[in-house]
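Fold and geometry: a report
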Amino acid sequence: MNNKDLAKNVLDLVGGEQNISGLTHCATRLRFVLKDDNKADLKALDQLEGVLKAQNSGGQVQVVIGAKVDAVYSEVKNLTSDKIGELTESTDSGPKKRRNPVNVVLETIAGIFTPVLPALVGCGMIKCLATVITAMGYLEGSGFLTIINMIGDCIFYFMPFFLAVSAANRFKTNPYLAVALAAGLMHPTILNGAAQIAETGVNSIDFLGMPILLMKYSSSVIPIILAVWIMSYVYPIVNRVIPKFLQVLLTPMIVLFIMIPLELIVLGPVGSYIGDWLTNGINSLFSTAGVLAGAILGFFKPIMVMFGMHYAIMPIQVQQVATLGATVLLPTALAANLAQAGAAFGVFVLTKNKTMKSAAASSGFTALFGITEPAIYGVTLKYKRPFFAGCLAGGLVGGFYSLVHTTANAISLPGVLAIGTYTSDRYMYVVIGCVAAVVLGFVFTLLAGIKEDTDVNKSKQLATDKVNSNQTIVATEVTPASVSSQTSTSSDMLIVSPMTGEIKPISEVEDQAFAQELMGKGIAIVPTDGKVYAPFDGVVEALYRTKHAIGLKAANGVEILIHIGVDTVSLKGKYFNAHIEQGQTIQAGDLLVEFEPEGITSAGYNIITSIVVTNMQQYGDVLTTATSGPIRESEPLIKLIP
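In this text the structure is predicted, and so the values were computed from the model without any measurement.

Moving on, we come to the overall build of the chain. A tally of regular secondary structure across the chain gives 22 helices and 22 strands. Here the chain holds 642 residues, and the buried ones make up 51% of them. Counting contacts in the chain only where the partners sit at least 6 residues apart, residues at least 24 apart contribute 71% of the total. Accessible area of the chain: about 28500 Å², with a carbon and sulfur share of 60%.

If you want it as structure tokens, here you go:
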């Protein structure tokens, strides 16, 4: 599935652009803020080819894509014709849900810091390069090294400007006035005055009898966020009071006249004190219970990533680097990431499935470089034990890093490429921790094992199930006579046809996601009636709102997708009638969906139906009983070879 098709499917499954009130993305995932979360079909999103995981966390519907998330995000924006911005300003008067305050805070932090991440990581990696050059003794005192250091420091020095823009977008207020607020904090009158307090003894400026404290805001985080947030309320109030013909002239002037003194007198100092309190509090925690604190963060970091909560500590990390020149939090993230990489490599050794071997190897290397979502969602969490083996390894190394006082002097992706930005009692401890995290994650995974073999044995046991009263076969044994065109063994499993019609090769489906078997291996049927029956006992894992597609899971773990027609999602449920609900238990032969073939074809849509095994990677091969010819409901259709 190409990026455009993936974006189109994701957009549809979150409820369409009319349901989106906000959209951003980070290194691996799309983050939707929806008007109605219930309209998002998370199970269907989970099954999309190209989606590693879909979840609702921190007040957001998060769709984990992986390395190509930026390209998919661009396609989503293109498909909405820039309407996402209009939707975020919707004045829908419908009832609004009360939201968890914690989720609101997490969502806000993520929305502000995610757009700044490229600059943070870019400057962090430049800082890493400068550190390596300095450590090697090259170019010391050169103009080249001076400029490299300048590039690495620029985002921290001008942090209020970066956060002003992202905060303005988050709080839906004027970004240029937000930048003006940042300029107020960064004006030489304030910065130079703060720098000269020791010489002049002057620590404040009088403003209408109120003191403006001279403070250094160049690396601050909280003051500008507070200022932009307050401005998001002040601006519309002023705008309503001013006559329309004077708004262009007077509104910006009055807003700045109110906000800049307010931020310098109240918000700036308060924000600075909060930032210092958080920074010093974290440092105190690590100094008094460092090993325990490091171990806890190292263990829970992957779990925080799962729920998108790792952004909650981003402001503290940035504030620590900006204020103290280093952060004690990033080393625990480095330990956690490398441990998950080791766990993924452990799965690579243990699994017998070729597809999973490839996924484990590639995602393991990605985790080494600081992006763990592919390893977590695609590999370690799938088997559970490797995930927690990685958490344990990350916790142990996180505690070790705290014991030897490891810190990071730049914000970067916590991976092997950035180890030049880490310092410790001895630098060798940084390297030892990196190696230990990977090795322990790997070894713990080998010791814990995976349940892959158990699952296969379970499937083989279920293969002895008898056919039901309708002679519908569910993962039963197949004799050579059952499928004349293929060689069968006693452990082969069979899925019967869910409908009556004419068999066609899956390659003839005019949808590349199915034709190229991106959604899974299977077969196509051109139906001769409008009924879809359950091919086995199991559960309805997914039922699309438009009723044109059904995801089923059998008792033995086989998962199939039945997709009626091509692009029939556009019919929005017209001509379809579902007799089941998502999550419902079904019996072989149950009527699942009825549809009107004539109505669908008269509307200009092809009714060829794709039937694919979506968890094909769990089987040695997926074969079909035939590639052409008529077939009736409940006749053998697909053979699975363990």
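Turning next to the packing of aromatic side chains. Scanning the entire structure with this criterion turns up nine aromatic pairs. On the numbers, 6.2 Å between centres and 50° between planes, the contact of phenylalanine 158 with phenylalanine 161 is tilted. Phenylalanine 158 gets classed as partly exposed once you look at its relative accessible area, which sits at 38%. Taking the relative accessible area as the measure of exposure, phenylalanine 161 reaches 25% and is therefore partly exposed. Consider the rings of phenylalanine 576 and phenylalanine 595, whose centres lie 6.2 Å apart with planes at 35°: the pair is tilted.

Now for helix 19 (residues 427-448). Across its 22 residues, helix 19 extends 32 Å between first and last C-alpha, which sits within 8% of the 32 Å expected from 1.5 Å per residue. Listed as buried for helix 19 are Val430, Gly433, Cys434, Ala437, Gly441, Phe444 and Thr445. Down the axis of helix 19, the smallest arc covering the buried residues is 120°, so these residues share one side. In helix 19, the exposed residues that point more than 90 degrees away from the buried face are Met428 and Leu447. In this structure, the buried residues of helix 19 make contact with helix 15 (330-350), helix 18 (385-403) and strand 8 (422-423).

Moving on: the pairing of strand 1 (residues 20-25). With six of its six residues buried, strand 1 lies for the most part within the structure. Note: strand 1 against strand 2 (residues 29-34), five bridges, orientation antiparallel. Each bridged residue has a counterpart across the sheet, and for isoleucine 20 the counterpart in strand 2 is leucine 34.

This part takes up the pairing of strand 15 (residues 559-563). Strand 15 sits mainly inside the fold: four of its five residues count as buried. Pairing between strand 14 (residues 549-554) and strand 15: five bridges, direction antiparallel. Bridge pairing links alanine 549 to histidine 563 in strand 15. Where strand 14 hands over to strand 15, the hairpin turn is made up of four residues, of which glycine 557 adopts a positive phi near 100°.

A few words on the sheet that holds strand 12 (residues 531-533). Backbone-to-backbone hydrogen bonds pair the strands of a sheet. The strands run either parallel or antiparallel. Taken in spatial order, the three strands of this open sheet run 12-18-16, and their pairing is antiparallel. Two strands close off the open sheet at either side, each with one partner strand: strand 12 and strand 16 (576-578). Pairwise comparison of adjacent strand axes, ignoring direction, gives a mean angle of 15° for this sheet.

Phe113, Leu120, Phe156, Leu163, Ile224 and Val318 are the most contacted members of the largest nonpolar core, which totals 67 residues. With nine residues, helix 15 is the single largest residue contributor to this core. Core analysis: the next-biggest nonpolar cluster, separate from the first, contains 36 residues, Leu11, Leu13, Val69 and Val566 among them.

Our next topic: the packing of helix 16 (residues 354-368) against helix 17 (residues 373-383). A pair of packed helices can be characterised by two numbers: the angle between their axes and the separation between those axes. With their axes 8 Å apart at the nearest point, helix 16 and helix 17 run at an angle of 130° to one another. Between helix 16 and helix 17, the interaxial angle falls into the category oblique. Pair helix 16 / helix 17 crosses with left-handed handedness. Facing Met356, Ala359, Ala360, Ser363, Thr366 and Ala367 of helix 16, the residues of helix 17 in contact are Pro374, Ala375, Gly378, Val379, Lys382 and Tyr383. Taken together, the residues of the contact of helix 16 with helix 17 sort by class into eight nonpolar, three polar and one charged.

This part is about the sheet that holds strand 10 (residues 501-504). The eight strands lie next to each other as 17-13-14-15-19-11-10-21, forming an open sheet whose pairing is antiparallel. Because the sheet does not close on itself, it has two edges, and the strands there are strand 17 (585-586) and strand 21 (629-631). In terms of strand pairing, strand 15 meets strand 19 (residues 609-613) through four bridges, oriented antiparallel. The residue bridging leucine 561 from the neighbouring strand is valine 612, located in strand 19.

Before going further, it helps to examine the confidence of the model for the chain. Scored by pLDDT, the chain comes out at a mean of 81, with 86% of its residues at no less than 70. This model gives residues 85-97 a pLDDT under 50, and the stretch forms 11 contacts once residues within four places in sequence are excluded.

It is worth spelling out a nonpolar patch on the surface at this point. On the surface, Val132, Met136, Tyr138, Leu139 and Phe144 cluster together into a nonpolar patch covering about 500 Å² of accessible area. Along the chain, phenylalanine 144 turns up in helix 7 (residues 143-157).

On to the side chain of aspartate 41, then. Structurally, aspartate 41 can be placed in the loop between strand 2 and helix 2 (42-47). You can call aspartate 41 buried: its relative accessible area is 7%. A distance of 3.1 Å separates the side chain of aspartate 41 from the backbone nitrogen of alanine 44, its partner in a polar contact. If we skip the residues at most four places from it in the chain, aspartate 41 touches Leu13, Leu543, Tyr544, Arg545 and Gln582.

Rules of the game
Residues numbered from 1 in each chain as written. Predicted model: local features only at pLDDT ≥ 70, side-chain atom pairs only at ≥ 80, totals over all residues. Heavy atoms only, no water. Helix = DSSP H or I, 4+ residues; strand = E, 2+ residues; numbered from the N terminus. Buried < 20%, exposed > 50% of the residue type's maximum accessible area, 1.4 Å probe, protein only. Contact = heavy atoms within 4.5 Å. Areas by Shrake-Rupley, 256 points an atom, 1.4 Å probe, with all protein chains shown as cover. Phe/Tyr/Trp six-rings, centres within 6.5 Å; stacked < 30°, edge-to-face > 60°. Expected span 1.5 Å × (residues − 1). Arc of directions from axis to C-beta. Pairing = 2+ DSSP bridges. Axes fitted to C-alpha atoms, helices over the stretch in contact; angles between N-to-C directions. Core = buried A, V, L, I, M, F, W, Y, C linked by side-chain atoms within 4.5 Å. Parallel < 35°, antiparallel > 145°, perpendicular 65-115°, else oblique. Left-handed = near helix turned anticlockwise from the far one by under 90°. Nonpolar A, V, L, I, M, F, W, Y, C, P; charged D, E, K, R; others polar. pLDDT = per-residue confidence, 0-100. Patch = residues over 30% accessible without salt bridge, like charges linked within 9 Å, V, L, I, M, F, W, Y side chains within 5 Å. Salt bridge = Lys/Arg side-chain N within 4 Å of Asp/Glu carboxyl O. Polar contact = N/O pair within 3.5 Å; in protein donor to acceptor, adjacent residues only side chain to side chain.

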